[in-house]
Amino acid sequence: MNARTRILDAAMLVFRRHGFRRSSIEQAAEAAGLTRQALYHHFKSKEELFRAVIERLYESALAAEIASASAAETAGGSLADILVAQLTGRLRLAIASFDGSPHIEELFSEHLVQGRDIYQKYASLYDGQVVATIERVCREQRLVLAQGTSASDFSRYIVMAINGTKSAYPAMQPVDAFLRDLEIMLRTLISGAVAAPSIKPSAAKKSARTKPGDRK
């Protein structure tokens with residue numbers, strides 16, 4: 001394990017234990033087994049250190065999202081199954097990073113203050129993953145979105161559903177109840193946004209010509 005990774009692991013523990021406001025560079029250095037000056041060689045301030053912790057969390061959540069969606073697709077899941085797995089995979093990892101901390105609400109709010117640009121960067125990456133999943137699964141499973149709805153629109157509606165569920169669960173706690181209600185919201189949304197599987201024109205014409213009882 002290199003020094004930067006050791007520092008980030010130690011800083012995560014410190015932020016979980018003390019919150020952002022009551023944590024210090026000295027505490028992070030001590031937890032990492034380094035001097036304050038050695039830590040300053042990698043991070044110039046507590047704010048910079050916190051941003052690095054948050055960015056690593058977002059990157060890990062993105063990897064979890066991709067892996068969860070891939071596993072659900074490989075298992076032959078429906079669009080709803082795949083999207084639920086993808087989104088809950090990402091959120092579950094993010095929540096677990098601070099779960100059990102007495103400062104979880106402060107940490108979730110503070111990360112928007114200290115790292116709004118990071119949040120916006122990864123929000124765009126998360127959106128791109130969801131759009132790509134919708135387009136790919138609809139193509140492979142011959143699904144059609146409701147008239148006038150694009151994959152980008154659908155992804156935006158999903159974000160609205162997530163934010164709406166978050167409003168009922170401060171800091172997404174308790175986790176199981178939050179994820180349960182989010183899944184219900186997502187499956188309800190998806191069932192209304194996806195029409196019946198599309199049928200190729202040639203197949204539709206053949207079906208129309210063939211009546212029950214006709215010789216094939």
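Residues numbered from 1 in each chain as written. Predicted model: local features only at pLDDT ≥ 70, side-chain atom pairs only at ≥ 80, totals over all residues. Heavy atoms only, no water.

## A word on empty space enclosed by the protein
Under the defined criterion, the tally for this structure stands at 1 cavity of 30 Å³ or more. By volume, the largest cavity is sized at about 40 Å³. Along its surface, the largest cavity is lined by A11, V14, F15, S23, S24, I25, A28, K46 and L49. Counting residues per element, the ones that place at least two in the lining of the largest cavity are helix 1 (3-18), helix 2 (25-32) and helix 4 (46-74). The biggest single contributor to the lining of the largest cavity is helix 1, with 3 residues. (1 Å grid on protein atoms, 1.4 Å probe; cavity = no way out; pocket = protein on both sides within 12 Å on 5 of 7 lines; lining within 4 Å. Points joined across faces, edges and corners; volume = space filled by probe spheres on them. Helix = DSSP H or I, 4+ residues; strand = E, 2+ residues; numbered from the N terminus.)

## A closer look at unusual backbone geometry
In this structure, the amide linkage connecting Q173 to the following residue, P174, adopts the cis form with an omega of -5°. Looking at where P174 falls in the secondary structure, it is placed in the loop between helix 8 (151-168) and helix 9 (175-193). The phi angle at R142 is positive, at roughly 55°, despite the residue not being glycine. As for its placement among the helices and strands, R142 is situated in the loop between helix 7 (116-141) and strand 1 (144-145). Judged by relative accessible area, which is 42%, R142 ranks as partly exposed. (Buried < 20%, exposed > 50% of the residue type's maximum accessible area, 1.4 Å probe, protein only.)

Any functional reading would require information that these geometric values do not contain.
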